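Here are the chains, one letter per residue:
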Amino acid sequence: MKSYIVVGLGRFGNEVARQLYLQGCEVLAMDSRSDLVQQIASDVTHAVVADARDKEVLKALGVKDFDCAIVAIGSNLAASVLTVMNLKELEVPYVICKAHDETHRRVLEKLGVDRVVIPECEFGGRLARS
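Here's a quick rundown of the structure. Quantities reported herein were computed from a predicted structural model and do not represent experimental measurements.

About the criteria used
- Residues numbered from 1 in each chain as written.
- Predicted model: local features only at pLDDT ≥ 70, side-chain atom pairs only at ≥ 80, totals over all residues.
- Heavy atoms only, no water.
- Axes fitted to C-alpha atoms, helices over the stretch in contact; angles between N-to-C directions.
- Helix = DSSP H or I, 4+ residues; strand = E, 2+ residues; numbered from the N terminus.
- Parallel < 35°, antiparallel > 145°, perpendicular 65-115°, else oblique.
- Left-handed = near helix turned anticlockwise from the far one by under 90°.
- Contact = heavy atoms within 4.5 Å.
- Buried < 20%, exposed > 50% of the residue type's maximum accessible area, 1.4 Å probe, protein only.
- Salt bridge = Lys/Arg side-chain N within 4 Å of Asp/Glu carboxyl O.

Two elements in contact, helix 4 (residues 77–89) and helix 5 (residues 102–110), have axes whose closest approach is 10 Å; the angle formed by their N-to-C orientations is 20 degrees. The angle between helix 4 and helix 5 falls in the class roughly parallel. The handedness of the crossing between helix 4 and helix 5 is right-handed. Counted together, L77, S80, V81 and V84 of helix 4 and H104, V107 and L108 of helix 5 form the full contact between these two elements.

With that settled, the discussion passes to the side chain of N86. Within the secondary structure layout, N86 lies in helix 4. For N86, a relative accessible area of 5% puts it in the buried group. If we skip the residues at most four places from it in the chain, N86 touches A52, R53, D54, K55 and L58.

Summed over all chains, the structure comprises six salt bridges. Among the salt bridges present, the one from D43 reaches R18, with a minimum N-O distance of 2.0 Å. Highlighted residues: D43 in the loop between helix 2 (34–40) and strand 3 (46–49) and R18 in helix 1 (residues 11–22), separated in sequence by 25 residues. Residue R33 pairs with D35 through a salt bridge whose shortest N-O separation is 2.7 Å.

Limitation: the analysis is restricted to geometry and does not speak to function.
Take a look at the structure:
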């Protein structure tokens, strides 16, 4: 069974976490907002209120034992970058990160993110082609 940690439980992160769980994956969902964690708690394997900018918190959660981390932090570039840096330093095997624009994408790629997605651009392109 694949295991995922999803950091950031806004609309995008929430949906990714739920869909992964429905596909039979182990999912640890985390956010610094307790209301978002409470909303998803019954729809994932584990849900925690935590700050992913804190490397010690991520270490205590055992993130290096997960197959993949998905960073779904919205427009807070600093939080996104710090989280990615921590995950890479803790040797998470595969890191996917949501970016909000091309500049954010370039920064994440420089940090070694394995896959960067800009959901609005990707879906907009698919919609236009359909």
